[in-house]
Structures are given as C-alpha cells and as structure tokens.
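For reference, the chains in residue letters:
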Amino acid sequence: MTAMLEMRNVSKSFAGVQALRDVNFSVEAGQIHALVGENGAGKSTLMKVLSGVYPHGSYEGTIVFDDEERRFRDINDSEALGIIIIHQELALIPLMSIAENIFLSHPPSKLGVIDRDEVYRRTRELLAQVGLRESPDTLITDLGVGKQQLVEIAKALSKRVRMLILDEPTASLNEADSAALLERLMQFREQGIGSILISHKLNEVARVADHITVLRDGRTVDSIDCRAEPVEEDRIIRSMVNRDLAHRFPERSATIGEPVLEVSNWSVYHPIHPERQVIKNVGFSVKRGEVVGIAGLMGAGRTEFAMSLFGRSWGTNVSGSLRLEGGDMVLPSVAAAIDAGLAYVTEDRKQLGLILADDVRKNITLASLDQVAPGRVIDDIAELKVASDYRNRMRIRCSDVYQETGQLSGGNQQKVVLSKWLMTDPKVLILDEPTRGIDVGAKYEIYCIINELAEAGRGVVVISSEMPELLGICDRICVMNDGAFVGEFPATEATQEKIMRAIMRNDRNYESGEPEAAEMGGSQP
Amino acid sequence: MTDKTVSLPEERRHGSFIKNNLRNYGMLISLVAIMLFFQVVTGGTLLQPLNLTNLVLQNSYIVIMALGMLLVIVTGHIDLSVGSVAGFIGAVAAVLMVTYKVDYTLAFIACLLVGAAIGAAQGYWVAYFKIPSFIVTLAGMLVFKGLALAVLQGQSLGPFPPTFQKLSSGFIPELLPETGTLHPTSMLIGAVLALALVYASAKSRSREQSHGIEVEPYAFFLGKSVVLACAVLYFTYLIATYRGLPNVLVIMSALIALYGFVTRRTVIGRQIYAVGGNAKAAKLSGIKTERLTFFTFVNMGVLAALAGLVFAARLNTATPKAGLGFELDVIAACFIGGASAYGGVGRVGGAVVGAMIMGVMNNGMSILGIGIDYQQVIKGLVLLGAVCIDVYNQRR
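The numbers attached to residues start from 1 for each chain and follow its sequence in the written order. Here every chain gets a letter starting at A, and every ligand a number starting at 1, in the order they are written. Per-residue local features of the predicted model are confined to residues with pLDDT of at least 70, and side-chain atom pairs are confined, for both listing and counting, to 80 or more; whole-chain, interface and lining totals are unaffected and use all residues.

Further remarks concern the overall build of chain B. In this description a helix means any DSSP run of H or I spanning at least four residues, a strand means any run of E spanning at least two, and both kinds are numbered starting from the N terminus. Of regular secondary structure, chain B possesses 15 helices and zero strands. As defined in this context, the radius of gyration uses C-alpha atoms, and a globule is described by 2.2 Å times the residue total to the power 0.38. Here the C-alpha radius of gyration of chain B, 22 Å, is about what a compact globule of 396 residues would show, namely 21 Å. Dimensions along the principal axes, computed over C-alpha positions, put chain B at roughly 70 × 60 × 40 Å. Out of the 396 residues belonging to chain B, those deemed buried represent 43%. Once C-beta atoms are placed from the backbone, any two residues with those atoms within 7 Å are in contact. Counting contacts in chain B only where the partners sit at least 6 residues apart, residues at least 24 apart contribute 80% of the total. Counting other C-beta atoms within 10 Å of each residue's C-beta, where C-beta atoms are placed from the backbone, gives the exposure class: buried for 20 or more, exposed for 12 or fewer, partly exposed between.

The structure is reproduced here in structure tokens:
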C-alpha cells in the first residue's frame, strides 16, 4: 500500500535550538498512525510543519501528499487538501451554536445570504456521522468537553477531511467519551481517512494504532508496525525517555533535617466546575534542606496542587491539613502564605510572575515592600541597595536595576522572580517549571541557586516536566498523575523509565477491566 | 555598589541623559510651548495677572479630579461618573447650606463623606463583583445626574454663605503691610516654596551621590533648579500683583504634593501601580488587589465631591447642569499627561500638566474668540495627537 502522506528528512530549528532533525514520517490511507514522545519531543512542531503553520521554506525537507510534493504557505493550503488538525485547546466559539461553529468559515449561502435550511440539514448529517445526538442550535458552552471534541471532528468532516490530526484528543475526556471517540476513529479508518493520533495514553495507542512512531529530542527513534509485531509498552517507554543526560548538574550533597512542610488529605475542586475534584486527597512533605521533585505530564494537577497550597490561589473547596515546622496552619490568602514562609515561583513568568513594564528593582521588592518601607513610606536608597544586592548575588545581567524586566532574557527574568521570593525569606520554596524557556547556561545557574537554597536549610519543591532535570537536582521524586501521587522514588533509585511507567500504569489502571489492558499487561516480561 | 557607577565621557552622558528625560519632560515642554503660543497670539493677555488667576480658578476642580482619576486609570479602570457626582454633591451642599442652613463646616464634611460613600458603592461593584468600571460608572453618571436634578427640583439654588464662597473666590489673608499692588505674603510664600524645592532636590541629589548612585550631570541639575525656581517666582509674582494666592490654589498645590508623594514613595502607591501593571502577578505577590481597586474608587469619590464643592462655591449657586462633561476633561487630562489606558503607567505631574494644557487651550481660544464649536474640535485633536505621540514613543 502506498503512503498517502510522506514527510521526508524534515528538520526545523528555532533560534539555534534544533526542534526536528531528519524526521521521516508517513501515513497510509485508512491508517491510524500514533505519534508518541515526551513533552517537547517535537510532536507538535512536526504537525505544525505538516499543516502549514510553519510555511514552506521555514523548514528543511519535503512533504509529499498524493504522490505530489506540496509547499504549503499557510493552514488554508493544507486544509484545501483535506489535512485537518484538531488542537488540544479546542478552537470553538463558546457562545455560538453547533451549526454556526461547524460552518464558521464557509457557510452554504445563496447570494451572500446564509442558507439556514442547508446549514441545518448538513449539520444534522454531520452530527449523525460522528454520533452526537444534539440539536444544531445547542450552544457550544452547554456541551461537555467530550461532545465539543465531536463537534470539532464534525467540523473537520464538513471540510471533506482526508487526513485527521488529533492532538491529545482524550486528555480531558472521561472513559466513556474517550472510548466513543476512539470508536469514531476506527470507523474513519474503514472510510479510508488517514489519522494521526498524538497521545500520552499508551493503552489507547496500543488499542487503535496501526503504526506507532516514537519521537525523542526531535528525532524518530522508533517505528513499530502494530500489525506485524506485538506492542510492548516497555519498548515504547524506553524509546521515549532513553537518552544521555545532555545537561550537566552541579554537585549536590544534601543535609536533610526535620520536616518543614507536611500536607495530608489535601483536596481541591475545580473553580469553574466545582463538582470536579482536581486534587484527590493527597499527602506530601518536604524536609529542611531537601529538594523534592514533582514529576508528571501536563495537566496532571501539579501546578494546581502547588497554587492551592499557596494561599488557596487556585481552586475552590480546598480542604486538608497543612503543617509548617510542625504547627498547623490555615492559609486563606497569598499574603498569609507569604507571612507563614511559603513562596511559589510560577511557571508562567510573564503572565503571573513579573510586571514586565516595571524595572528590576520594583519587581524584586514587590512581595516584601515592608522591609524597605518603615512606616509604609519607601526608603528608595534602602530599596536600591537591596535590589542591587540581589542583582549581584544572583548575577542578574541588566544594565542597572532601573532596567525594565521586559527587556531581560528569560534566564535573567527568572532570576528576578527568584530574587523576589528569596527576599520574603521563605521556609519552603515551590518552583514551578523553573527552567522553562531558559538556555542551558542559565539553567545551570538556576540549579546552583536551588542547591544554595537547600543548603541554607530551606525546603525546595521543584515541579518539572523535564525528567533529567528532576533526576539531576532532586533528593526525592514524587510522581503525580490525574490529581494523585502515584509513585515516589529516592533520587538514587529513580530512573526515567520508572517514572514514566508509574504514570502510564496509572493511566491504564484508570481504565481497568478493559480486555486490551489485560492483554498488554500480559505482554510484559 | 560604588564601583558600579559607570562614568561615561561627559558629552555622551549629556546626550543619553537628554534622550532619557525627553519623554518625562515632553508634555511639560509642550505646555510651555502652548502657553508661549497663546501669550503671543493673544497679545500678552494670557499671562496677565487677572487672567492667570482666573485660569487657576477655572481649572482647579479639573486638576483635583484628575488626581483621583489618575489612580483609577493606573489600576486599569475608568470613572465616567465624576462630573455627575461633582454636580450632585454641589446640589447636596446647596440643599444643606441654603435650604436647611446647616453650618458650612459640617455640610462640607458631610459632602465629602457622601462622595466617599458614592465611590465605595461604585468601587464595590468594580472590585469585588468584577463588573467593568466603564459600565458601573456609566450607570453612576446617569444616576447622579438624575439625582442632582431631583435634589434641586430642576431649579438653581443659592447663594451660599459668604465663608463657604471663600473656598473658591477667596484669597489668602494679607499678614504683611501692603506695598502698592504686590501682595507680600503671597510673594513670600512663593519665594519659600522655590527655595524649598531647590533645597529638597539638592539634598536628594547629594544623598544619592553619597550612596554611589548615578545622578544627573551637575550642569543639568543647576539649570533645572534655576528654571524651576524662576518659574515658581515669576508665577507667584504675577499672581501676587493681582489679589494674591487664591485659597483653592493652596488646596490644589497641597493635594498635588500629597498625591505625588503617595504615588512615588509609599507602599500603597507602589501596589496600585503593580495592580495596574499586572493584576495577576500582583495578587500572587500577596497584594490585596480588590481592596486597592476599591480604595481608588473611594478616593475618586471624595475628590469628585471636593471638586463639586469648589465648583459650586465658585458659581455661588448649585445648578442641575453643574458638572456636565467634566469627566471628559478629567480623563483627557490624564491621557494627555501620559497615563496608559492599559493601566500601570501614569504620573501625578503628568496629569496636572495635562489638565493645565486643556485649561490653557480653553482659556486662550476663548480670548481669541474661537467659538465653542471649533474649541472642541481642536481639543479632541490635541488629545488624539498627544496619545499618538506617547504610543509612538513607547514602540520605539
């Protein structure tokens, strides 16, 4: 069978960072091709190249579709050929109806007036095709995520789809909805539609995929024909994570003391959907001088957990007990959390961490203005000295402390945020993705700072999606999945495979009772 | 830190210094240019002592409200109701003082409290209910315009007790023997103020220098101080040759100094800017963002009330039409003065200069006999132009 789509030797780099390296990828008509890999392995980049988000010329390599080389200038070019991508964040307009959303860009019309009868007729057809029993008039906002996903697929079908790309389609779906969605995919296979399925859920992949390609650090590292050989979960996991530790980490000799933060039976509900429990009665602790890592995939609930600890800045109906240095604490606000000795360095520096238009000095002192403001009046000399002091200690590269933080590089911005929180003199620091978007040199500096913090007797919690980073800097690694801790390893015993397995096992157990799951378990050594 | 002070060649330092400060002083330079322009085309009428005094009296209530509006805009909000609130408070004051003969001090305090309550009511919806301030204060604009009409039953009400009128039409009492047309007390106050300003900036400069902070070049400092002192002295001289310093100018100056200090040097001022700059980051830094937003609206209400009292005292009567369109001048003053519509940016000095630019243009065009129709066209274009220049400067 000849391939409908072939991507040959595709390479793509961003400002010196190689995102894709000589990737070969092909999909046949009526095939479900799964694309797996860690966060940042290059899956999304590859799909953006395919769909024309990155136009021809911005990457190297060739795309062949229907035996013809294609040079997409934008996403319209790829859509015209029937290559439709459905993103993880759905692109539906919440306050419009299903019918209006499906025919948003090209509604059937007569003389420029939308033909409503035709719109409804075709919407009903499409909804029947995807198995969604809803009126075309229903507003998107009244649908659950699973049904919204089906609307997206109906929208794709309205464009005469030939190749459907699904980016983590089941990440936010429950079991029944996931199963229904995968069922649709298998129907499309019968109709000769090719599908590319990006997923972290290996059990799903194993159930529906005809072919699996594993990406790691922008390369194709494994390609499995599921019809020819059995799917081994361990093999996939090994391919996904196995790599040399490219980054270097500073030496670390820990002196671990008494527990400083202890959390038990912690439970948090979603602020917009209060019936959804996001953090499920978890326990957690950090000791003085200890660096604890929290591993997990995106959406596992790590950020939500951290922010709910930090003065309930995320979620509703937060309950559970929190002890700091052995004393029970109730922290109803961020100010109370800071006073108690907690600090949270957000994963989103620009949106949540910094005031980009303000200078370095103002950002550093923002959370502890009282220290430089006797009688609520700011002593500008004292403030300048504190800020300059942190600038030197943290080696923040800026022209002076009056420079706008928005002008600094990512690494230096992160050091400004760290300075801000160090100035509050916290007992426990929670760092959420502290090295995201930072170059290798600055990463090393951040790791050194983390070491120093721990040596000074503070408890440090690092949330990171980069497993080598956690392995390199932590004393203990806890694995979170779906709002609960599913594994814990001392640094000496932890490996990337063990962490990944803990996550994947949990995902599979989540759907226990499925015959496929049992089969997969049996195929393991 | 001393070793961190970079010493550049004198000329380069001067060059970069001018460039960095042009933006800060740009609007002030525009104000001076506009004043010179009208001084020339009106044949010297603009800066005649009588006209200058009138200019101050006419614009005092705009400046007072601009101080409050600046804080509201800095937090990323807007208050469209200030004109109506000022009118309503004028009406309340008239009813209290004229109809019910309430003591003017008591009435004055009661009016400010009503202003605070109005600000609190609007601020509550904006800060805690997250209703867009544009809508809340648009509603407030209608409500208080209507209430002013209702309180006055559609009639004008006056006159006010003479002591209350002094708030706007009075001048500071003369304590020294008069010498011809010059009022020596006012002149003395002006001279002391000029000296105090120069002394304060010299002291802060030497303090910064002693801590090894890079300061402006000495020549600039000297030039700036001389220009500042001369401007203050000349201005007081002109005012003093008419009837001396108006009471309202003293109140206004004190408020400008107070708000300048609060915004630049206090914790609460810094936090207000942080809320406007990035509310989420401010909240995650332990700042009580809702409470601060609420506070800026309460403050705005008090200042709108004060402006309403000043305006009523000036007209010596409360009319249902008082305060009509004030909000536009006040908001324009803040934006001309460099405040950002997105929040987080804006200076008290800028808002005051912005208000003066509007005031000088009103006054100058009236002297020239330009009709109210084209005055509005020109003011509108100046507002657009000023904000365009600011946006252009920021992009550069």
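Attention now moves to the sheet that holds strand 17 (residues 327-329) of chain A. All names here are of chain A. At least two bridges found by DSSP between two strands is the condition for calling them paired. Reading across the sheet, the four strands line up as 14-13-16-17 and stay open at both edges, with antiparallel pairing between neighbours. Bordering the open sheet on either side are strand 14 (277-287) and strand 17, each of which pairs with just one other strand. Adjacent strand axes in the sheet meet at a mean angle of 10° when their direction is disregarded. By the bridge criterion, three bridges tie strand 16 (residues 316-324) to strand 17 in an arrangement that is antiparallel. In the strand pairing of strand 17, Arg 323 is matched with Asp 328. Axis definition: a line fit to C-alpha positions, over the contact stretch in the case of helices; interaxial angles, taken between N-to-C directions, run 0 to 180 degrees. In this fold helix 9 (residues 302-309) packs onto strand 13 (259-269), strand 14 and strand 16, with an angle of close to 70° to the strand it touches most, strand 14.

Another point: the sheet that holds strand 12 (residues 219-225) of chain A. Residue and element names in this part refer to chain A. With respect to topology, six strands assemble into an open sheet ordered 6-9-10-3-11-12, the strand pairing being mixed. Bordering the open sheet on either side are strand 6 (83-86) and strand 12, each of which pairs with just one other strand. The mean inter-strand angle of the sheet, taken between neighbouring strand axes irrespective of direction, is 15°. Where strand 11 (residues 211-216) lies against strand 12, six bridges are found, and the strand directions are antiparallel. When the bridges of strand 12 are listed, Thr 213 appears paired with Ser 223.

Before going further, it helps to spend a moment on helix 14 (residues 348-368) of chain B. Residue and element names in this part refer to chain B. The end-to-end C-alpha separation of helix 14 is 30 Å, in line with the 30 Å expected for 21 residues at 1.5 Å each. Of all 21 residues in helix 14, 15 are buried, a share of seventy percent or more. Remark: Gly 369 follows helix 14 within two positions and exhibits a positive phi of approximately 80°. Every helix has an expected span of 1.5 Å times one less than the residues it contains.

Before going further, it helps to examine the domain arrangement of chain A. All names here are of chain A. Assigned domains within chain A: domain 1 (3-241), domain 2 (257-338 + 439-462 + 475-490 + 498-510) and domain 3 (342-425). A straight line from the C-alpha centre of domain 2 to that of domain 3 covers 25 Å. When residues of the side of domain 2 that touches domain 3 are traced back to their parent elements, those giving at least two are helix 9, helix 10 (334-340) and helix 15 (440-455). Each residue gets one label: Ala, Val, Leu, Ile, Met, Phe, Trp, Tyr, Cys and Pro are nonpolar, Asp, Glu, Lys and Arg are charged, and the others, such as Gly, are polar. When grouped by side-chain class, the residues that make up the side of domain 2 that touches domain 3 number nine nonpolar, one polar and two charged. Segmentation into domains, and thus their bounds, comes from an automatic or database assignment.

This next bit is on the packing of helix 4 (residues 104-127) of chain B against helix 5 (residues 133-152) of chain B. All names here are of chain B. For the pair helix 4 and helix 5, interaxial distance at closest approach is 9 Å and the crossing angle is 155°. In terms of their interaxial angle, helix 4 and helix 5 are classed as roughly antiparallel. With respect to the hand of their crossing, helix 4 and helix 5 are arranged in right-handed fashion. Residues Gln 122, Trp 125 and Val 126 of helix 4 touch helix 5, and the partners they reach there are Ser 133, Val 136, Thr 137 and Gly 140. For the contact of helix 4 with helix 5, the per-class residue count stands at three nonpolar, four polar and no charged. Working definition: roughly parallel below 35 degrees, roughly antiparallel above 145 degrees, roughly perpendicular at 65 to 115 degrees, and oblique for all remaining angles. In a left-handed crossing the near helix is turned counterclockwise from the far helix by less than a right angle, and in a right-handed crossing that turn is clockwise.

Attention now goes to helix 8 (residues 218-240) of chain B. Residue and element names in this part refer to chain B. In a regular helix each residue adds 1.5 Å, so 23 residues correspond to 33 Å; helix 8 covers 32 Å between its end C-alpha atoms and thus fits that length. Every buried residue belonging to helix 8 is among Thr 236, Ile 239 and Ala 240, and all of these are buried. Looking at the packing, one finds that the buried side of helix 8 touches helix 2 (49-74) and helix 7 (184-210).

Before going further, it helps to spend a moment on unusual backbone geometry. Put simply, Gly158(B) and Pro159(B) share a cis peptide bond, and its omega is -10°. One can find Pro159(B) in the loop between helix 5 and helix 6 (162-169). Residue Arg312(A) is not a glycine yet carries a positive backbone phi of 55°. Unlike most non-glycine residues, Gln153(B) shows phi in positive territory, near 50°. Mapped onto the elements, Gln153(B) comes out in the loop between helix 5 and helix 6. The class of Gln153(B) is exposed, set by 10 C-beta atoms lying within 10 Å.

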